[in-house]
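Below, each chain spelled out in residue letters.
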Amino acid sequence: MVYGEGSERVRALDRISLEIGHNEFFTLLGPSGCGKTTLLRLIAGFEQPTEGSIRLYGQPLEGLPPYRRPVNTVFQSYALFPHLSVAQNIAFGLEMLGKPRAEIAQVVREMLGLVKLVGYENRRPAQLSGGQQQRVALARALANRPKVLLLDESLSALDLKLRKEMQLELKRLHAETGITFVFVTHDQEEALTMSDRIAVMQEGRIAQVGTPTEIYDAPNSRYVADFIGETNFLKARARGGVLLLPDGSSLPTPVHTPDGEVTLAIRPERARLSADGSGISARVKDVVYKGTDTIYLLELPGQEPFQVRSQNRLGALQLVRPGDPVGLELPPEAVRVLKE
Amino acid sequence: MINPRNPLWRFPGLFWVMVLFFAFLYVPIFVLVALSFNANQVATIWTGFSWDWYKGVLDNPNILRAAQNSLIVATAATLLSTLVAVAAAVGMTGRRFRGQNLFNGLVGLPLLVPEIVTAVASLLFFLAIGLQLGLLTVILAHTVFCIPFAYLPIRARLEGLDPRLAEAATDLYASPWHTFRRVTLPLLVPGIVSGAMLAFITSMDDFVITFFVAGAGATTLPVYIFGMIRTGITPEVNAISTLLLGVSVLLVALSFVVGQRGQAR
């Protein structure tokens, strides 16, 4: 996918190869400008690929304008028609498809029930709250029973509480309709909560595809590990099945690792402070109490700052203070070796 | 309305400059309106209130014919110019093409070309192609200079529309024509109404171009008023002018209100 002319050409998407399964909740995740929305717009037909192809259940989509694709979009700004009522908005696609009036009325009723907006059919979009507009946008797209529903940052405009509600709502709609959802977001937590599978995107390429567990527990690169959740990175050297840290301590390798420089990724909640000071020696820089958890910020010689997150199961026991020397324990299964 | 923190207000005498400015603009018009109700035969000496001149205007068949011509011309020119303006605005918005700025400038150019030049050019053109001067030539000439007045509000409205709305329509199986008919056009209505009203009053008020291209029998109200003035300023002239002013103010106000309502949505 190449944009622009001459020296201004920009390759927005590069070597993307994806297969999305029937009835899957598939998420494209990445920071702004990574190409996730462009990919969605290619599927919807608002953009044409300069090379490559997109198939829908075997049928190539090239050259088909958006209005001939059995795919519907929920826009980030909802893009509800301000001059039409809620019911007319929902009916729009079916009318364009030339469905009989009785059927349209029936589907509109069903959709209003599905998104819990019965009684709102004659309102204008401007008279609805953000969450209600979101539901109308969903109903308008789902009414046509598309083969694929595309959701472009659809929850980003909502406040946190409403967003959590709509996340559950979307999962319910996905289960009830059996339609394939392709969801675009920059919010990693949202992606983990909702998706069957996630594609993490980076500068127009796909960095990793996998289930939320795979992406979170087994990131394949520093980029993915850093983007999804919080991660500590340690520099180490692999030699003969052992990982040597600069301070002289060593760890067993969790998987076979060829000798050389490596980066270790460790999730903050999977590292532990040892009770007896054994393990890698570190110094406490700060202790942050967060209610459910306490975060210990550690300094390790020759390493980046390191975080340990520990659940406050026994209440707020502040056993260590800033400045204390502590031992850091890294269970072998908590350590992920990255190639870079 | 007057913000004391605006540094301009520190200048002494600003208030009186403002009063003078508005007086300069509006006193002549108020005098004209007031004198249209003057009972005296001599237009400039006030003696008492009277509706006589308005009755005179309504009884004068020549004035009525001129008013009718003005309405026919304004209505036809408004319809034609608005149609062209909508097409031009839709063509210009939402895409980029080579020479777009040039085209945009050309659509608005009639606003800048001296009217007398347009008038002479139109006259020469009609004569050259052998078109008989009459209502038709007036309508054609008016359509030309009304286009930019209709175009500007429509273009502004169109540029204010969320491009996602048209995309949403195509996404919902609407062909380009249906997208225009069902989504773009209805949302454009405030701009179209506003543009059409501006075109209408511009046509109603035009004198210079009409004076050149109107043949016998195609006299419009402004041209007729000019003819009356040449034989002396009668109170009747004041009365017609006041009526014309009323129509203009009403339409401009209406156009403004419709534009505002469109903004609010």
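Residues numbered from 1 in each chain as written. Chains lettered and ligands numbered in written order. Predicted model: local features only at pLDDT ≥ 70, side-chain atom pairs only at ≥ 80, totals over all residues. Heavy atoms only, no water.

**Student:** Is there a simple way to explain empty space enclosed by the protein in this structure?
**Tutor:** Any empty space left between atoms is shown by rolling a water-sized probe over those atoms. Residue and element names in this part refer to chain A. Under the counting rule described, the total for this entry stands at 1 cavity of 30 Å³ or more. Its boundaries defined by the atoms lining it, the largest cavity holds a volume of some 40 Å³. Lining the largest cavity, in full, are Leu234, Leu245, Pro246, Asp247, Ile280, Leu300, Pro301 and Gln303. Class assignment of the residues belonging to the lining of the largest cavity gives a composition of 6 nonpolar, 1 polar and 1 charged. (1 Å grid on protein atoms, 1.4 Å probe; cavity = no way out; pocket = protein on both sides within 12 Å on 5 of 7 lines; lining within 4 Å. Points joined across faces, edges and corners; volume = space filled by probe spheres on them. Nonpolar A, V, L, I, M, F, W, Y, C, P; charged D, E, K, R; others polar.)

**Student:** Please explain the pattern of salt bridges as it appears in this structure.
**Tutor:** Close approach of charged atoms lets side chains of opposite charge pair. Inspection of every chain in the model, using the stated rule, returns 22 salt bridges over all chains. Among the salt bridges present, the one from B:Arg182 reaches A:Glu95, with a minimum N-O distance of 2.9 Å. Linking B:Arg182 in helix α8 (residues 176-205) with A:Glu95 in helix α2 (residues 86-96), this pair reaches from one chain into another. In this structure B:Arg182 comes out as partly exposed when scored by relative accessible area, which is 27%. Residue A:Glu95 is classed as partly exposed on the basis of its relative accessible area, which comes to 35%. With its nearest N and O atoms 2.7 Å apart, the salt bridge here joins B:Glu159 to B:Arg155. Here the residue B:Glu159 and the residue B:Arg155 both occupy positions in helix α6 (residues 135-160), the gap between them amounting to 4 residues, near one helical turn. We classify B:Arg155 as buried; its relative accessible area is 12%. Several salt bridges converge on common partners, so that one network encompasses A:Lys116, A:Arg135, A:Glu169, A:Arg172 and A:Glu176. (Salt bridge = Lys/Arg side-chain N within 4 Å of Asp/Glu carboxyl O. Helix = DSSP H or I, 4+ residues; strand = E, 2+ residues; numbered from the N terminus. Buried < 20%, exposed > 50% of the residue type's maximum accessible area, 1.4 Å probe, protein only.)

**Student:** Help me out: how do you make sense of the side chain of B:Arg157 in this one?
**Tutor:** Mapped onto the elements, B:Arg157 comes out in helix α6. In this structure, B:Arg157 is buried with no salt-bridge partner, the nearest side chain bearing the opposite charge being B:Asp162 at 12 Å. (Lys, Arg positive; Asp, Glu negative; His and termini not counted.)

**Student:** I keep staring at the layout of surface pockets and nothing clicks. Help me out?
**Tutor:** Residue and element names in this part refer to chain A. Each pocket or cavity is described by its volume, and for the largest pocket that value is around 830 Å³. Forming the boundary of the largest pocket are 29 residues, of which Leu18, Leu39, Ser53, Ile54 and Arg55 lie nearest the centre. If one sorts the elements of the lining of the largest pocket by residue count, helix α1 (residues 36-44) sits on top with 3 residues. Here the lining of the largest pocket is built from residues that sort into 16 nonpolar, 7 polar and 6 charged.

**Student:** I'm lost on the pairing of strand β10 (residues 205-210) of chain A in this one. Help?
**Tutor:** Regular strands have side chains that alternate between both faces of the sheet. Residue and element names in this part refer to chain A. For strand β9 (residues 197-202) and β10, the ladder comprises 5 bridges, and the chain directions are antiparallel. Residue Val200 lies in a different strand from β10, and its bridge partner there is Gln208. Between β9 and β10, which pair antiparallel one after the other, the connecting turn spans 2 residues, and Glu203 there sits at a positive phi close to 45°. (Pairing = 2+ DSSP bridges.)

**Student:** I keep staring at the sheet that holds strand β8 (residues 180-185) of chain A and nothing clicks. Help me out?
**Tutor:** Backbone hydrogen bonds hold the strands of a sheet together, and the pairing may be parallel or antiparallel. Residue and element names in this part refer to chain A. The 6 strands lie next to each other as β6-β7-β8-β3-β9-β10, forming an open sheet whose pairing is mixed. Edge positions in the sheet fall to β6 (71-74) and β10, since each of these pairs with one other strand and no more. Within this sheet the neighbouring strands show an average axis-to-axis angle of 20°, counted without direction. The sheet contact formed by strand β3 (residues 25-29) and β8 spans 5 bridges and is parallel. Bridge pairing in β8 places Leu28 opposite Val184. Running at roughly 145° to strand β7 (residues 148-152), α1 makes contact with β3, β6, β7, β8 and β9 of the sheet. (Axes fitted to C-alpha atoms, helices over the stretch in contact; angles between N-to-C directions. Contact = heavy atoms within 4.5 Å.)

**Student:** I'm lost on the packing of helix α7 (residues 163-171) of chain B against α8(B) in this one. Help?
**Tutor:** Packed helix pairs are specified by the crossing angle of their axes together with the interaxial distance, meaning the distance between the axes. Residues and elements named next belong to chain B. Their axes nearest at 10 Å, the elements α7 and α8 cross at an angle of 160°. When the axis of α7 is compared with that of α8, the two are roughly antiparallel. The handedness of the crossing between α7 and α8 is right-handed. Residue-level contacts link Leu165, Ala166, Ala169 and Thr170 of α7 to Thr179, Val183 and Leu187 of α8. (Parallel < 35°, antiparallel > 145°, perpendicular 65-115°, else oblique. Left-handed = near helix turned anticlockwise from the far one by under 90°.)

**Student:** What exactly am I supposed to notice about the nonpolar core here?
**Tutor:** Looking at soluble globular proteins, one finds that nonpolar side chains tend to be buried together. Ranked by internal contacts, the top residues of the largest apolar core, which has 61 residues, are A:Leu28, A:Phe81, A:Phe92, A:Leu150, B:Ile154, B:Val183 and B:Val213. Beyond its immediate stretch of four places on either side in the chain, A:Leu28 contacts A:Leu18, A:Lys36, A:Leu39, A:Val182, A:Phe183, A:Val184, A:Thr185, A:Ala199 and A:Met201. Counting residues in hydrophobic clusters, the runner-up holds 36 residues, among them A:Leu94, A:Leu128, A:Ala137 and A:Leu170. (Core = buried A, V, L, I, M, F, W, Y, C linked by side-chain atoms within 4.5 Å.)

**Student:** Where do I start with the UniProt feature "transmembrane region" (unreviewed entry) in chain B in this structure?
**Tutor:** Residue and element names in this part refer to chain B. Per the UniProt annotation, the sites labelled "transmembrane region" (unreviewed entry) are residues 12-37, 71-90, 102-127, 133-154, 183-201, 207-227 and 239-259. Counting secondary structure, residues 133-154 comes out at 91% helix and 0% strand; the distance between its end C-alpha atoms is 31 Å. The straight-line gap between the two end C-alpha atoms of residues 183-201 is 29 Å; of that span, 100% is helix and 0% is strand. (UniProt positions renumbered as here; feature names shortened; annotations may be inferred.)

**Student:** What's the story with the domain arrangement of chain A in this structure? I'm lost.
**Tutor:** Frequently, the measure chosen for interface size is the accessible area removed from exposure when the parts meet. For chain A, the assigned domains are domain 1 (2-217) and domain 2 (231-338). Each of domain 1 of chain A and domain 2 of chain A has a C-alpha centre, and the two are 40 Å apart. (Domains from an automatic or database assignment.)

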